[in-house]
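Examining the three-dimensional arrangement
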Amino acid sequence: MKVIVMGAGVVGTATAWYLSQAGHEVTVLERNSGAARETSFGNGGQISVSHAEPWANPSAPLKLLKWLGREDAPLLFRLRADPDQWRWGWKFLLECPTKRSMHNMKQLLNLGTYSRASLQQLRQETGIDYDQLSKGILHYYTSKKEFDLALEPARVMRELGCERQVIDPDRVVELEPAMASIKQRLAGATYTSADESGDVHKFTTALADKAQAAGVRFRYGVRIQKLRTEGNALVGVEVASETGMYEVAKADAYVLAAGSFSPLLAKEIGIKLDIYPAKGYSATLPVLDAAKAPSVSLTDDEYKLVFSRFGDRLRIAGTAELNGYGLALNPVRCEAIVRRTLEVFPGMSRPELASYWAGLRPATPGNVPYIGKSKVQGLYLNTGHGTLGWTHGCGSGRALSELISGRRPDVDFQFCGIGDKRADAMWS
Ligand SMILES: Cc1cc2nc3c(=O)[nH]c(=O)nc-3n(C[C@H](O)[C@H](O)[C@H](O)COP(=O)(O)OP(=O)(O)OC[C@H]3O[C@@H](n4cnc5c(N)ncnc54)[C@H](O)[C@@H]3O)c2cc1C
């Protein structure tokens, strides 16, 4: 079958890879001059099945109120005259009660476990190197209240098969000696040894090269303008081609994997996707003193920051700002990231050496992505991966390739369009 994949982020590229491995003839359309140039460029680097608790959880509404208007808040809603933002905010609140939050957590955890295994298998088969480390992920808490709040989700995750163990400060320092400087301030921690980290941009560009060698056609510099339907079927994608010429690209099936821009393309053909861009920042610091920088990937739950070591670089990422599609860097938020990093790891680098980046997480209210059939014939969705697109990228690509090939993926997840009422309601 001929398949067009729209978008060459980690999700689109993984989808193209698995589709081509399944024997399909794949073309990828991407407006940038290479793969992974937007949200899949500079993220936090975590393959974190243990990060399955969605933003929308029972403690979120109060926290959001507390953070409103605070420039260095980990999650900041900047209210705009934007009906999409208000609708998304309302749906976010509906996902906060315990029952919904636990349901979403289970979805994310199942997809995460399947995806991490898919990534490990892909790595073995292809030999791709992306500064990966398999040293686990350590969540640490400097607030007793935050630590106590984390115990129940961690227990549920263990019940669901994610070995997120509660550990004490001595064990934290044993696992990651660079944490010694804040040992006295630790309220507690959890550790998931099976989780990993790595550079998503390195991975995606290397996978795109492998896919190209395997026959996938990557058309860079092609801007998708509109999806063209006839009746209830998708019959083509209207693009401005590499030379700027108008063209209609055609295939038997189409995959929408355009990250935060997916809802804009889908809306024109009557598909409402609850995806809103959640801007996040990262800082990358050169490691000047290796003994003072962590190599175990870390999550600072109180400040909502993640740390991943890529060779002689340390990537720190976090914060979320719901404020439309702008990518401007806010110096207050950037400085807050580096300040916290050097407070926890004094002497590992210097603030003036930081390079900053911002990206738009394609966030759904419950953080569960849309994967599967859309209501328009021939159009499949692989989008809305929010905070976990790197963790879920390989599994989502593999699962969608299975669905397009007529098979049920081996993961307990509510795929769109195959009879699950709740998933169907998400997009119809
Ligand atoms: C600060 C930050 C930290 C994060 N940390 C982590 C982490 O530690 N672990 C984790 O799992 N996830 C993390 N994420 C989330 C993860 O980065 C995203 O979920 C993931 O990159 C989304 O991938 P994607 O392929 O869906 O979107 P993208 O990477 O944005 O790809 C979509 C592609 O579609 C293309 N496109 C869009 N519209 C058009 C058009 N009209 N024509 C042609 N091409 C188009 C874009 O150019 C882009 O290349 C983080 C995100 C941020 C912002």
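Thresholds, definitions, all that
Note on numbering: residues in each chain are counted from 1, in written sequence order. Residue-level local features of this predicted model are given only where pLDDT is at least 70; pairs of side-chain atoms are given and counted only at 80 or more, and the full residue set underlies all totals for whole chains, interfaces and linings. Based on all heavy atoms of the structure, the side-chain values leave hydrogens and waters out of the count. The criterion for strand pairing is that DSSP finds at least two bridges linking the strands in question. Note on conventions: DSSP H or I runs of at least 4 residues are helices, E runs of at least 2 residues are strands, and numbering of each starts at the N terminus. Angles run from 0 to 180 degrees between N-to-C directions of axes, and those axes are lines fitted to C-alpha atoms, restricted for helices to the stretch in contact. Near is defined per residue: the residue qualifies when any heavy atom it owns lies within 4 Å of the molecule or strand. N or O atoms within 3.5 Å of each other form a polar contact, as long as, within protein, one can give a hydrogen and the other can take it, and as long as residues adjacent in sequence are counted only when both atoms are side-chain atoms. Any residue outside Ala, Val, Leu, Ile, Met, Phe, Trp, Tyr, Cys, Pro, Asp, Glu, Lys and Arg is labelled polar, Gly included; the first ten of those are nonpolar and the last four are charged. When a carboxyl oxygen of Asp or Glu is within 4 Å of a side-chain nitrogen of Lys or Arg, the pair counts as a salt bridge. Burial classification: accessible surface area is computed with a 1.4 Å probe over protein chains only, and a residue below 20% of its type maximum counts as buried, one above 50% as exposed, and the rest as partly exposed. Oblique is the label for any angle not covered by the other classes, which are roughly parallel (under 35 degrees), roughly antiparallel (over 145) and roughly perpendicular (65 to 115). Residue contacts are counted whenever heavy atoms from the two residues lie within 4.5 Å of one another. Here, the term nonpolar core denotes a set of buried Ala, Val, Leu, Ile, Met, Phe, Trp, Tyr and Cys residues that are joined through side-chain atoms within 4.5 Å. Here, expected helix span is obtained from the residue count minus one, scaled by 1.5 Å. This arc describes the spread of directions from the helix axis toward the C-beta atoms. Crossing handedness: left-handed means the near helix sits turned counterclockwise from the far one by under a right angle, and right-handed means the same turn made clockwise. In summary, the pairing rule links any two rings of Phe, Tyr or Trp, Trp by its six-membered ring, whose centres are within 6.5 Å, and it sorts them by plane angle into stacked for under 30 degrees, edge-to-face for over 60 and tilted for everything else. By definition, being over a ring means that NZ of Lys or CZ of Arg is both within 6 Å of the ring centre and within 35 degrees of the ring normal.

Let's talk about the sheet that holds strand E11 (residues 233-240)
Reading across from one edge, E10-E11-E12 is the order of the 3 strands in this open sheet, with antiparallel pairing throughout. The open sheet has two edge strands with one neighbour each: strand E10 (223-230) and strand E12 (246-249). Strand-to-strand twist across the sheet, computed as the mean angle between neighbouring axes with direction ignored, equals 30°. Examined bridge by bridge, E10 and E11 share 7 bridges and lie antiparallel to one another. Bridge pairing in E11 links Glu-230 to Ala-233.

Overview of the site of the ligand
Taken together, 35 residues lie around the ligand, and Glu-30, Ser-40, Gln-46, Gly-386 and Thr-391 are the ones closest in. At a separation of 2.9 Å, a nitrogen atom of the ligand approaches a polar backbone atom of Gly-44. Mapped by element, the contributors of at least two residues to the shell around the ligand are helix H1 (10-21), E10, strand E14 (276-286), strand E18 (355-363) and helix H10 (389-404). Residues of the shell around the ligand, tallied by class, amount to 13 nonpolar, 17 polar and 5 charged.

A closer look at the pattern of salt bridges
This model, assessed by the stated rule, comprises 28 salt bridges. We note a salt bridge from Asp-274 to Lys-91, for which the minimum N-O separation is 3.0 Å. With Asp-274 in the loop between helix H8 (262-267) and E14 and Lys-91 in helix H3 (residues 83-94), this pair connects stretches of sequence that are 183 residues apart. Relative accessible area serves as the criterion here: at 9%, Asp-274 is assigned to the buried category. Look at Lys-91 and you get partly exposed, because its relative accessible area is 30%. The closest approach of N and O atoms between Glu-343 and Arg-340, which form a salt bridge, is 3.3 Å. Here Glu-343 and its partner Arg-340 are both found in helix H9 (residues 331-344), 3 residues apart, which amounts to about one turn of the helix.

Let's talk about the packing of helix H4 (residues 98-126) against H10
At a minimum axis distance of 7 Å, the contact between H4 and H10 shows a crossing angle of 80°. By the angle between their axes, H4 is roughly perpendicular relative to H10. For the pair H4 and H10, contact is made by Leu-108, Leu-111, Gly-112, Tyr-114, Ser-115, Arg-116, Ser-118, Leu-119, Gln-121 and Leu-122 and by Trp-390, Thr-391, His-392, Gly-393, Cys-394, Gly-395, Ser-396, Arg-398 and Ala-399, respectively. When the residues that make up the contact of H4 with H10 are grouped by side-chain class, the tally is 8 nonpolar, 9 polar and 2 charged.

Some points on the nonpolar core
Counting 51 residues, the largest nonpolar core has Val-5, Val-28, Leu-122, Phe-203, Val-255 and Trp-390 as the members making the most contacts within it. Contributions of two or more residues to this core are made by strand E1 (2-6), H1, strand E2 (25-30), H4, helix H5 (144-159), helix H7 (200-213), strand E13 (253-256) and H10. If near-sequence neighbours (up to four positions away) are discounted, Val-255 is found in contact with Val-3, Ile-4, Val-5, Met-6, Thr-15, Leu-19, Tyr-380, Asn-382, Leu-400 and Ile-404. Residues Ala-178, Met-179, Leu-314 and Leu-342 belong to the second largest nonpolar core, which totals 31 residues.

Describing the pairing of E12
In the sheet, E11 pairs with E12 via 4 bridges, with the strands oriented antiparallel. Bridge assignment links Glu-238 to a residue of E12, and that residue is Val-248. Hairpin connection from E11 to E12: 5 residues lie between these consecutive antiparallel strands, with Gly-244 at a positive phi of about 85°.

Details of H3
Between its terminal C-alpha atoms H3 stretches 17 Å, which fits the 16 Å expected from 12 residues at 1.5 Å a residue. When H3 is considered as a whole, its buried residues turn out to be Gln-85, Trp-88, Gly-89 and Phe-92. One face of H3 carries all of its buried residues, which in axial projection span an arc of 100°. Exposed positions of H3 whose direction lies more than 90 degrees from the buried face are Pro-83, Trp-86 and Trp-90. Here the buried face of H3 lies against helix H2 (60-67), strand E4 (75-77), E14, strand E17 (313-322) and E18. The residue sitting at the N-terminus of H3 and contributing the capping side-chain oxygen is Asp-82; that oxygen lies 3.0 Å from the backbone nitrogen of Asp-84.

Remarks on unusual backbone geometry
Although it is not a glycine, Lys-304 sits at a positive phi angle of roughly 55°. Along the chain, Lys-304 falls in the loop between strand E15 (297-300) and strand E16 (305-310). When its relative accessible area of 30% is taken as the criterion, Lys-304 is described as partly exposed. Phi is positive for Asn-367, close to 70°, though the residue is something other than glycine. Relative to the helices and strands, Asn-367 is located in the loop between E18 and strand E19 (370-373).

Quick notes on the packing of H1 against H10
The packing of two helices is summarised by the inter-axis angle and the distance between the axes. It is the contact of H1 with H10, at a shortest axis distance of 8 Å, that shows an interaxial angle of 40°. Between H1 and H10 the crossing geometry is right-handed. Across the interface between the two elements, Val-10, Val-11, Ala-14, Thr-15, Tyr-18 and Leu-19 of H1 pack against Gly-389, Trp-390, Gly-393, Cys-394, Gly-397, Arg-398, Leu-400, Ser-401 and Ile-404 of H10. Taken together, the residues of the contact of H1 with H10 break down into 9 nonpolar, 5 polar and 1 charged.

Regarding the packing of aromatic side chains
Applying the stated criterion across every chain yields a total of 11 aromatic pairs. Relative to Trp-390, the ring of Phe-203 lies with its centre 5.0 Å away and its plane at 50°, an arrangement referred to as tilted. Here Phe-203 is found in helix H7, whereas its partner Trp-390 is found in helix H10, with 187 residues between them in sequence. Per residue, the accessibility class of Phe-203 equals that of Trp-390, and both read buried. On the basis of an interplanar angle of 80° and a centroid distance of 5.6 Å, the ring pair of Phe-307 and Phe-345 is categorised as edge-to-face. With Phe-307 in strand E16 and Phe-345 in the loop between H9 and E18, this residue pair connects regions lying 38 residues apart in the sequence. Members of the aromatic cluster, connected to one another through ring pairs, are Phe-77, Trp-88, Phe-92 and Tyr-276. Arg-31 extends its terminal NZ or CZ atom over the ring of Phe-261, reaching a point 4.3 Å from the ring centre.

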